[in-house]
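# Structure at a glance
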Amino acid sequence: MQDRSSASETRYFTALDYLLFIHSVGSHGVIRIAARVNIGIGRKAKYVFRERRFSVKRIRDGHASVVSALTALSFHTFCTFPYPKPGGAVPEASDANVTSICANWIDLDYYGVQGLAGLSKDDVLDIVLRRCEEKGWPAPSYVMSSGRGMLIVWLYEVAPREVLPRWRAVQRTLNRAFADLGHDATGMSPTHLYRYSGSYNPNAKAPAFMMWPYYTADVRRGTFDELAAAVMPISRRKAKLFVVEKLDGIAKRAAKQAGRDRARREEEVAPTTAPAAPARKKRERVGGHLTGRSYWGAIAADVERLRVHRFDGKRMVEDTGRSTMAYAATMVQAWVMPACDLDGWVRDQAHAWGLDEEQALACTSGVRKAARDAANGERKFWLGKEIDPRYRPGPKRLIELLKIQPAEMGAADLRILVTAERKRDVVADRQATLRRSRGARSRTDQQGARLAVGAEALRLRRDEGLDRPAIAARLGVTTRYLDTALRDAKAVEAIGTVTAPDKPVKPRRSHGSSRGTSRVRGGNTSGEATVALVAPEAEVYTGGVTVKGTYLPDNARCAPYGPAGVSVPEKVSA
């Protein structure tokens, strides 16, 4: 059989050519191929994914069933899954079941970014290539035109599932570098589905094809280690050392805390005759203490505040991240309310998200399923640990997913979904509010009161001649506070004071010098001599000046120009 991947022009790749090119020799396992099928009419319309799975070997052989399925399907995965066991269920398409992966990618929806909607795909491609060159990253292997957007792909030899932790770090770094170009934050999972070449996008009414490079020979396929070394800020060895140091620090702190707890228990059991030490005053916590439920409730409130701020409480419109907002809000609500109430909540919120009920249920189906599994007591194993199957997005993940800008954090009054800088400002405001509620004065008021004390102290010293202890006793302050107040008052009093210029010194006439000139000699402590010639302003000398009767060493320095315009030769002869 002829190898269909030998096509020289990538633009004309068929679906089978594309899959053969992506999943090269070395791939093993099963590839997930799917199609999005619309069901219903009008307001009841919705879409679901129908998938089939084919082994890499069957695709490489060009089996008739594969060719037939590719004409009806449109999406594929860059990762592979394990073979199903005979008579067993098909393994779930989750990250835990990934067996290998062969690419990292960025899905750019630049058409929804203000200021970029008018750019062509070639213009966006130039921006991507130039940015990669500036960062010292390898250029992408190829770029796929998937409709209105673009898929930027770094292709490499098949990597095993053990690289998934580093793969996620590389994926985050790549996507964050192109966040301003409208990257799709939902495509961070290795199991995400993307269109393959030759498929048709009905929404964009255009086919998907490889737009760059033009020839197959120009597609570069490296290794994952090469890409990770170029993209990641630290090496793999340093990362391991950092993890070891972090775990060591955690173990030391745990051992120290265990020692303190053991000593406390021994003190409670064995009575002592020594007087008990005074109880240490517990530092009061600023702000409320968040529990698991209140933490997710605070995040849910932030998501709602963000939606209200962006759309003034009105219904969301197209190309504004409607499905992403629904997806993020449902992930958070899965930790707040029971799983049985989650479907009804999604239906109630669909209108605010700009979606109908079926669309809202379709884009949150995975989140709701995970919540039902958790309610039924199911658990998943990840890296040898038993975990809750519900999605657990952190603040950083939600900020990246919803593309929250720093200006929006303050304008929307967000509490949890904020950066470290914004969090410090929020904590400072809370502390200031707490101090004001307890009667503490602001720093401006304290400075004004101290300045008034300093001004009065200066008056008492000047008018009555009192000394520091007497002034402190009169004003009812400590001498230390009085010194600070005097310093501030003197600084304010000195503002605007004009200092008279120094009185000019009349030049002295030296013996043996020309009339109108004088010679000033300074102490010579370093073996060098400096000669300065001073002349009255009214007289100007145009002739040469010769210094006589003065001993100068070889490295003597002379001022070539005096203040009165006297020209002194650089070589002074005795």
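What counts and how
- Residues numbered from 1 in each chain as written.
- Predicted model: local features only at pLDDT ≥ 70, side-chain atom pairs only at ≥ 80, totals over all residues.
- Heavy atoms only, no water.
- Helix = DSSP H or I, 4+ residues; strand = E, 2+ residues; numbered from the N terminus.
- Buried < 20%, exposed > 50% of the residue type's maximum accessible area, 1.4 Å probe, protein only.
- Areas by Shrake-Rupley, 256 points an atom, 1.4 Å probe, with all protein chains shown as cover.
- Phe/Tyr/Trp six-rings, centres within 6.5 Å; stacked < 30°, edge-to-face > 60°.
- Pairing = 2+ DSSP bridges.
- Contact = heavy atoms within 4.5 Å.
- Axes fitted to C-alpha atoms, helices over the stretch in contact; angles between N-to-C directions.
- Polar contact = N/O pair within 3.5 Å; in protein donor to acceptor, adjacent residues only side chain to side chain.
- Parallel < 35°, antiparallel > 145°, perpendicular 65-115°, else oblique.
- Left-handed = near helix turned anticlockwise from the far one by under 90°.
- Nonpolar A, V, L, I, M, F, W, Y, C, P; charged D, E, K, R; others polar.
- pLDDT = per-residue confidence, 0-100.
- Core = buried A, V, L, I, M, F, W, Y, C linked by side-chain atoms within 4.5 Å.
- Lys, Arg positive; Asp, Glu negative; His and termini not counted.
- Salt bridge = Lys/Arg side-chain N within 4 Å of Asp/Glu carboxyl O.

## Points about the overall build of the protein
For the protein, the count of helices and strands is 18 helices and 16 strands. Looking at the protein as a whole, 37% of its 574 residues qualify as buried. About 35300 Å² of surface is accessible on the protein, with carbon and sulfur atoms providing 53% of the total.

## Some details on the packing of aromatic side chains
Enumeration according to the criterion identifies 12 aromatic pairs in this entry. Measuring from centroid to centroid gives 5.6 Å for Trp105 and Tyr194, while their planes differ by 70°, and the two rings are edge-to-face. Residue Trp105 is found in strand S5 (residues 100-108), and its partner Tyr194 is found in strand S8 (residues 194-195); the two are separated by 89 residues along the sequence. Here Trp105 falls in the buried class, since its relative accessible area comes to 0%.

## Examining the sheet that holds strand S6 (residues 142-145)
The strand order across the open sheet formed by five strands is S4-S5-S7-S6-S11, and the pairing between neighbours is antiparallel. In the strand order of this sheet, the two ends are held by strand S4 (79-80) and strand S11 (209-212), each with one partner. In terms of strand pairing, S4 meets S5 through two bridges, oriented antiparallel. Note on S5: the bridge partner recorded for Thr80 is Ser100. The strands touched by helix H1 (residues 15-22) within the sheet are S5, S6, strand S7 (150-160) and S11, with S6 carrying the most contacts at an inclination of about 150°.

## Overview of the side chain of Arg368
Here Arg368 shows up in helix H12 (residues 365-375). Taking the relative accessible area as the measure of exposure, Arg368 reaches 10% and is therefore buried. Side-chain polar atoms of Arg368 contact the side chain of Asp343, separated by 3.1 Å. Here Arg368 is in contact with Thr330, Leu342, Asp343, Val346 and Leu361, once residues within four sequence places are set aside.

## Things to note about the packing of helix H9 (residues 322-333) against helix H10 (residues 339-349)
At a closest axis distance of 11 Å, the pairing of H9 and H10 adopts a crossing angle of 150°. Considered as vectors, H9 and H10 are oriented roughly antiparallel to each other. The way H9 lies across H10 gives a crossing that is right-handed. For the pair H9 and H10, the contacting residues are Ala329, Thr330 and Gln333 in the first and Leu342, Trp345 and Val346 in the second. Tallied by class, the residues present in the contact of H9 with H10 amount to four nonpolar, two polar and no charged.

## A short note on the pairing of S6
A two-sided burial pattern is seen for S6, the buried positions comprising Tyr142 and Met144 on one face and Val143 and Ser145 on the other. Judged from the four bridges that link them, S6 and S7 form a sheet pairing that is antiparallel. For Met144, the partnering residue across the bridge sits in S7 and is Leu151. In the sheet, S6 pairs with S11 via three bridges, with the strands oriented antiparallel. Among the inter-strand pairings, Met144 is bridged to a residue of S11, identified as Met210.

## Some details on the confidence of the model for the protein
Looking at the protein, the pLDDT average stands at 81 and 78% of residues meet or exceed 70. A low-confidence stretch, residues 512-538 (pLDDT under 50), is modelled with 55 contacts involving residues beyond four sequence positions or located in other chains. Note on residues 558-574: pLDDT is under 50 here. Beyond four places in sequence and across chains, it has 28 contacts.

## Remarks on the nonpolar core
Residues Tyr18, Ile33, Ile59, Phe78, Trp105, Tyr142 and Phe178 are the most contacted members of the largest nonpolar core, which totals 67 residues. Element by element, the count of residues in this core is highest for S7, at eight residues. For Phe178, the contacting residues outside a window of four places in its chain are Ile106, Leu108, Val128, Arg131, Cys132, Trp137 and His183. Ala339, Leu401, Ile404 and Met409 belong to the second-largest nonpolar core, a separate cluster that totals 43 residues.

## Observations regarding the side chain of Asp184
Within the secondary structure, Asp184 is located in the loop between helix H5 (164-177) and S8. Put simply, Asp184 is tucked away with no salt bridge, and the nearest opposite charge, on Lys403, sits 6.5 Å away. Sequence-distant contacts of Asp184, that is, excluding residues within four places in its chain, are made with Asp107, Asp109 and Asn175.

## Observations regarding H1
Extensive coverage of H1 is indicated by the burial of eight of its eight residues. All of the buried residues in H1 are Ala15, Leu16, Asp17, Tyr18, Leu19, Leu20, Phe21 and Ile22.

## Concerning unusual backbone geometry
What you tend to see is this: most non-glycine residues have negative phi, and most peptide bonds are trans. A cis amide bond links Trp212 with the next residue in sequence, Pro213, at an omega value of -5°. With respect to the helices and strands, Pro213 occurs in the loop between S11 and helix H6 (224-231). Positive phi outside glycine occurs at Lys205, with the angle close to 55°. With respect to the helices and strands, the residue Lys205 is situated in the loop between strand S9 (200-201) and strand S10 (206-207). For Lys205, a relative accessible area of 66% translates into the label exposed. The backbone phi angle of Lys403 is positive, close to 55°, even though this residue is not glycine. Examined against the element boundaries, Lys403 turns out to sit in the loop between helix H13 (395-402) and helix H14 (406-411).

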